[in-house]
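Results of the structural survey
So you can see what is in the structure, the chains are spelled out below.
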Amino acid sequence: MSRPESVDSLDGSLHSRLQDAAALALDHAGRMGACMSEVSVSQGQGLSVNVRNGEVETIEHHRDKSMDITVYFGHRSGNSSSSDLSENAIRESVRSAANIARHTEEDEFNGLADPGLLATDFPDLDLYHPWGISAASAIDIAAGCEAAALAHDARITNTEGAGLTTYEGLSLYANSHGFRGFVQGSRHSSSCVVIAGTGAEMQRDYWYDSRRSADDLMSPESIGRQAVDRTVRRIGARTVATGEYPVVYESTVASSLLSHLVAAISGSGLYRNASFLGGCLGRQVFARGIDIFESPHLARGIGSAGFDAEGVATRSNRIVSDGILDSYVLDSYTARKLGLQTTANAGGVHNLTLAGTAEGGADQIAGLMGRGILVTELIGFGVNTVTGDYSRGAFGYWVEGGQVQYPVQQFTVAGNLKEMFMGIQAVGSDIDPRGNIRTGSVLIENVTIAGD
Amino acid sequence: MSEHLQSASALLLDPGGLGQQEISATLASLMARGVDYADLYFQYSRQEAWSMDEGVVKSGSFSIDQGVGARAVSGEKTGFAYSDEIVLPALEQAARAARTIARSGPDTGAVRIRQPQGETVRHYPPVDPSGSMQDDDKVALLKEVERVARKLDSRVRQVSVTLAGRQDVVLVARSDGLMVADVRPLVRINVGVIVEHNGRTEQGGAGGGARSDYRYLVEEGRATGYAEEAVRHALVNLESRAAPAGEMTVVLGPGWPGILLHEAIGHGLEGDFNRKGTSAFSGRIGERVASDLCTVVDDGTLAGRRGSLSVDDEGTPSQNTVLIEKGVLKGYMQDQMNARLMGMQPTGNGRRESYAHLPMPRMTNTCMYAGEQDPQEIIASVDRGLYAVNFGGGQVDITSGKFVFSASEAYLIEKGRVSFPVKGATLIGNGPEVLGRVSAVGNDMALDSGVGVCGKEGQSVPVGVGQPTMRIDGLTVGGVSV
């Protein structure tokens, strides 16, 4: 009997069970007449706890599995997925995918990745570090995190608590070219959310860390204290006068700029002529001195992968060099549509990094700015990838004489991403390592701030 | 046994050999010492999607997901586990994991299963969308919508259409013995258009849906109507100029602009944030939070609407909950746990994305009732302002009350007249203040077309909004033109 109160390590027979399921799916697709097929199978498990005011709030046990299969009849395709990995369910799922493929239409660009591009080398990227922590220990850690927060500053008036999450999973991608690649990984997160002030002056902020190995996590106490420091400095926020100012995006929000870049240079928008960066390959799209690249093989990287979602071997792509757009972000389908070769980005980018151009973090970069706004939070979805038009809500700090003066709220940051990218004047060395997109704080010359 | 319960049992319980006895025993084991409340949530979900791009029906997908979530609640503590296998050993294991929040001790005794008293009022038919139309006809519908969009204007460059349908069969069994089922259909179609003229490219979009089958989308010419609307929207954007920046009078059009209510008011009135005192609306029931022109409700009982529910995900019948009446805050939206802890009644707002997620208070269809003014008079009353009729997404900081929502179609109002279109811009305001600035409410209350999705703590659920034309004296418009 397993111990439901803690997370057992993934059992050793899982590899062969996933392999059997994938083989059955591919075999059944072939029997049904599919000329090509591909399948992803995965299973994962985890635990998450939240502690609020020193008491357990939630204990959640996670256990998920899924299969996703795509079959090709000529250049027609159909896709099906299921959480049931029994033999009957797999056959049923393949039948559903085949049935859909009977109704979709020929698309000559459809199909698996070219066999010659599939990964043959599977480097150990050090992604799997199961924690095996019990619910009781997870609760103790979260409680310690929250207690450190509540003891840190008397201006904290309320708490949403501290959380600890651990997850591990194994997935297999296989296709009818004979490719078979496993990915085994883990991810653990620790977080704390607190509130300062009362009534109309209430402010909330948080801090978290997220890593492949629990050994790399920030200590619970420092996460709690960091959450508090970020929250209390928001007290007394003022409004800001409408106008044009330079801004610094703190590293925690600067990564969003790179996600907009990825959306704009992804194949699916480009072949539809639906991107403001269409036709910009080889042209200057960022300020001189800006370098953006992918490092898919970083040890313990959150976005590390030896192959992409189609089995294509990943590589260290240079996306932007000295401001010039060197590469799009493509999978096999969109690459064929554009007459290019896949960049091994089926399923997304891998550890995309904006290289620092200046020493220091948000405060040092704000020092370079002199007068303007340090943005520490963005809300809303006002980004148009077709035109590059940008308008988002924000929270931040008024900076004068290179020094943070006071918090500011209820304003928007607006411009056009084309100009904002060209207007990047400095990138700090304070790279935020917690995500798949990695950047330091970013200084952008004039944008429009709408306040009162 | 009701027809719904019968068919849900046949689909969810019978294959794994589960009956009332096993469910009753599992609930009893969840009700360990100190547990106030427990439930089991069985779900079978079947969905499909078809999409068309560049004139070709390129892809289709089908998926099935099923499982059971087991929850035990003790005071403010919740234990939760789930399984994608609906068989007794998996159920027992989930129950053991969920009850780890309880103190050890003997179980509290048997749970006697019962059905709701009286007939549950149903707000949509128990249909299966995927079977309501032949696959060939789904493909033909996509092609027809695409054809209509393309032939409308030579500036149309790209048309993408997505048709999606799902059916969820859910069965809730609770520690108070109540066992209730619901069969929920949901369909939608979305049209996206790219237009290009003189080197300028813009986009437009439209769509709609309901808790119904695919016939809803073809009736009354709805699907092709969305194609026309998407093209019109894109062509308006081709003419748009830079949006203004700064605080100004804003007139919101009817229908989907009700996303304002969802972000500025709705989330802040969900029971969990108010129980914890983390909402900008905490402790303010009975206070004036809006102008007396404003009456806002959350109504899960609207027939066939995307956000509607016959019973919520905890088995509570849906209802029409008054949130703000003539400007005064009247109530919160509650699930079982938060209602009990706050000494209030559940309001049928306990919702969850799936069996693998915990329920929490969520909106259904959040609407403002009509006022008396002619919408044209409201526009004419503005000397200079923004008239915003279509929106993308929105977001709110519950604690500070600051909210945003992004206009995707808006016009400048000059001397009482709608002049030229302006580019999309985010509007930002303060939830507890914004409805206090409402100075006119139109007589043209409309619901949105049925494509809304709300995200909270990583869980997505379908929702609706609605409102009449509304004038707000002072909202910050986040354009670029100073």
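In what follows, the accompanying structure is described. This one's a predicted model, so the numbers in the text were calculated from it and none came from an experiment.

Here's the deal with the interface of chain B and chain A
At the interface, 71 residues of chain B touch 72 residues of chain A. Buried surface at the junction of chain B and chain A, summed over both partners, amounts to about 5,700 Å²; 50% is from carbon and sulfur atoms. Ranking the residues of chain B by area buried against chain A places Lys58(B), Tyr82(B) and Thr399(B) at the top, with a combined share of 10%. For the pair chain B and chain A, the number of links is 11 salt bridges. Put simply, Asp84(B) and Lys65(A) hold a salt bridge, and the shortest N to O gap is 2.7 Å. Summed over the shared surface of chain B and chain A, the result is 38 residue pairs in polar contact (both at pLDDT 80 or more).

Side note on unusual backbone geometry
Located in the positive-phi region is Asp322(A), a residue other than glycine, with phi close to 50°. By the secondary structure assignment, Asp322(A) is in the loop between strand S9 (318–321) and strand S10 (324–325). Residue Asp322(A) is classed as partly exposed on the basis of its relative accessible area, which comes to 32%. Its identity as a non-glycine residue notwithstanding, Lys415(B) has a phi of 45°, on the positive side. Examined against the element boundaries, Lys415(B) turns out to sit in the loop between strand S15 (402–414) and strand S16 (417–422).

Some remarks on the environment of Asp432(A)
Residue and element names in this part refer to chain A. Structurally, the position occupied by Asp432 is in the loop between strand S15 (424–427) and strand S16 (437–438). Separated by 105 residues in sequence, Asp432 and Ser327 have C-alpha atoms that sit 24 Å apart. Not counting chain neighbours up to four residues away, the residues in contact with Asp432 comprise Ser251, Thr252, Ile437, Arg438 and Thr439. For Asp432, the side chain forms a polar contact with the side chain of Arg434, separated by 2.9 Å.

Here's the deal with the pattern of salt bridges
All told, the structure shown has 60 salt bridges over all chains when counted by the stated rule. Residues Asp153(A) and Arg155(A) are paired through a salt bridge, measuring 2.8 Å at the closest nitrogen-oxygen approach. The class of Asp153(A) is buried, set by a relative accessible area of 15%. Using a relative accessible area of 47% as the deciding quantity, one classes Arg155(A) as partly exposed. Between Arg184(B) and Asp313(B) there is a salt bridge, with its nearest N and O atoms 2.6 Å apart. Taken together, the residues Arg184(B) in strand S5 (residues 179–197) and Asp313(B) in the loop between strand S8 (296–299) and strand S9 (320–325) connect sequence positions 129 residues apart. On the basis of relative accessible area, Asp313(B) is assigned to the buried category, the value being 2%. Residues joined by salt bridges that share partners form a network here, namely Glu160(A), Arg204(A), Asp205(A), Arg234(A), Glu377(A) and Asp397(B).

Basis of the calculations
Residues numbered from 1 in each chain as written. Chains lettered and ligands numbered in written order. Predicted model: local features only at pLDDT ≥ 70, side-chain atom pairs only at ≥ 80, totals over all residues. Heavy atoms only, no water. Contact = heavy atoms within 4.5 Å. Buried area = accessible area lost by both parts, 1.4 Å probe. Salt bridge = Lys/Arg side-chain N within 4 Å of Asp/Glu carboxyl O. Polar contact = N/O pair within 3.5 Å; in protein donor to acceptor, adjacent residues only side chain to side chain. Helix = DSSP H or I, 4+ residues; strand = E, 2+ residues; numbered from the N terminus. Buried < 20%, exposed > 50% of the residue type's maximum accessible area, 1.4 Å probe, protein only.

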